Amino acid sequence: MKDQLLELEKRAGDELNAIDDPSGLEPFRIKYLGKKGALTSMMKSLGTLSREERPEAGKLANQIKVNLSRRFEETKISLETGGSGDDASVDVTLPGREPLCGHLHPITTVIKEVCLIFSRMGFRVVKGPNVELDYYNFEALNLPKDHPARDMQDTFYISDNVVLRTHTSPVQVRVMETQTPPVSVIAPGKVYRRDSDVSHTPMFHQVEGLLVDRDVSFGELKGTLTSFIHQMFGSHTRLRFRPSFFPFTEPSAEVDIECVICGGEGCRTCSQTGWLEILGSGMVDPEVYGFVDYDSDLYSGFAFGIGIERIAMLKYGIDDIQLFFKNDMRFLNQF
Ligand code: DAH
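Residues numbered from 1 in each chain as written. Predicted model: local features only at pLDDT ≥ 70, side-chain atom pairs only at ≥ 80, totals over all residues. Heavy atoms only, no water.

**Q** Would you explain unusual backbone geometry in this entry?
**A** Trans is the common state for peptide bonds, and a negative phi is the common state for residues other than glycine. Cis rather than trans, the peptide bond between proline 181 and proline 182 has omega equal to 5°. By the element assignment, proline 182 lies in the loop between helix H7 (170-178) and strand E5 (183-192). In this model, glutamate 250 is joined to proline 251 through a cis peptide bond whose omega is -5°. For proline 251, the position within the fold is in strand E8 (residues 249-258). Its identity as a non-glycine residue notwithstanding, aspartate 293 has a phi of 60°, on the positive side. Of note, aspartate 293 is situated in the loop between helix H9 (286-292) and strand E10 (300-307). Phi at asparagine 327 is positive, roughly 55°, even though this residue is not glycine. As for its placement among the helices and strands, asparagine 327 is situated in the loop between helix H10 (308-316) and helix H11 (329-332). (Helix = DSSP H or I, 4+ residues; strand = E, 2+ residues; numbered from the N terminus.)

And the structure:
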């Protein structure tokens, strides 16, 4: 019996080694390991052995069954994965799975670009608080409590003297309070107003600019902003300075660029005017210098406030400002 078992083990082993296709596996299993297989029948016949022979033969038969089953499983895995069963079966040349990777929000991209352009002109980037004192947001910008221009900005009040800043202009005052001229800064950030439709959201972004020194003229304001617009929208973009009013600048101007949608012909986006307003600006009003102890006989300067969403909408051809803040991945993934 013992010889027969060993002989069977050798024969089965050789046959297993010779299998080179998964289709050969099942017939092998039936032949040796199945209910009516050779090994199984031999185990069944153990009962015919004498009591002395039985334990040793039984042990050997079990051993052979365990070994053969293990080798059978190994061969099966190896044939089904197309390799030898060890690590070499992993194809290291396959391209890996790319991890899902985020990207910048279009508004962040535009803010970075605006900041880069002004940094190259020598402006320093500064920040101010979003929750702001009435004093900085209005009072020190020449907008006393009863000033009618306060109505232009639908303010979120936190308390009588604390607001969510309605513009980035308060950063001008904070900078001038702590620094003497020459000053040249830009202040990007969020601003808040009670307003919501296709061209307004209750939170949006601005970049404020301020430059104060001796003998700063309106010509420098024009040159700086013209250079910015040409870098942002291309050097052929036509622009115009249109007289306007802001309590903290005198004289004041709004800057329009030729409509990027219709090229100045007149369309829905530009309300048939051919022009689009993108920023407010002006020479800092001497009244403001009074709040920060600057000598207005000695110094002059200009300031400007750029609407970031407006720039992003024109740059990317987007006609609904709400899209920026809906977090719809179908929209965001396009950037
Ligand atoms: N703060 C103004 C606004 O939000 C924009 C602005 C106008 C900023 C003129 C300025 C400026 O710095 O000089 O409507």
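We are not done yet, so read on.
**Q** How should the site of the ligand be read in this particular structure?
**A** If you check the shell around the ligand, you find 15 residues, and the closest are His167, Ser169, Arg193, Gln206 and Glu208. Serine 169 places a polar side-chain atom, nitrogen or oxygen, 2.9 Å from a nitrogen atom of the ligand. Glutamine 172 places a side-chain nitrogen or oxygen 3.0 Å from an oxygen atom of the ligand. In isolation the ligand exposes 360 Å². Once the protein is present, 92% of that is buried. More than half of the atoms of the ligand fall within 2 Å of the grid points belonging to the largest pocket. Secondary structure elements with two or more residues in the shell around the ligand: strand E6 (203-213), strand E9 (275-284) and E10. Here the residues of the shell around the ligand are counted per class, giving 4 nonpolar, 9 polar and 2 charged. (Near = heavy atom within 4 Å. Polar contact = N/O pair within 3.5 Å; in protein donor to acceptor, adjacent residues only side chain to side chain. Areas by Shrake-Rupley, 256 points an atom, 1.4 Å probe, with all protein chains shown as cover. 1 Å grid on protein atoms, 1.4 Å probe; cavity = no way out; pocket = protein on both sides within 12 Å on 5 of 7 lines; lining within 4 Å. Sits in = over half its atoms within 2 Å of the grid points. Nonpolar A, V, L, I, M, F, W, Y, C, P; charged D, E, K, R; others polar.)

**Q** How should the nonpolar core be read in this particular structure?
**A** One broad trend across soluble globular proteins is that nonpolar side chains are buried collectively. Formed by 40 residues in total, the largest nonpolar core has its most connected members in Val114, Phe118 and Phe228. Per-element accounting of this core gives the leading share, 7 residues, to helix H5 (residues 106-120). Listed in part, the 26 residues of the second largest apolar core include Val126, Leu141, Leu143 and Tyr289. (Core = buried A, V, L, I, M, F, W, Y, C linked by side-chain atoms within 4.5 Å. Buried < 20%, exposed > 50% of the residue type's maximum accessible area, 1.4 Å probe, protein only.)

**Q** Would you explain the sheet that holds E10 in this entry?
**A** Taken in spatial order, the 7 strands line up as E1-E5-E6-E10-E9-E8-E7 in an open sheet, and their pairing is mixed. Single-partner strands in this sheet number two, and they are strand E1 (124-125) and strand E7 (239-246). Pairing between E6 and E10: 8 bridges, direction antiparallel. Paired with aspartate 213 across the two strands is serine 300, which belongs to E10. Sheet contacts for H7: E5, E6 and E10; angle to E6, the most-contacted strand, approximately 35°. (Pairing = 2+ DSSP bridges. Contact = heavy atoms within 4.5 Å. Axes fitted to C-alpha atoms, helices over the stretch in contact; angles between N-to-C directions.)

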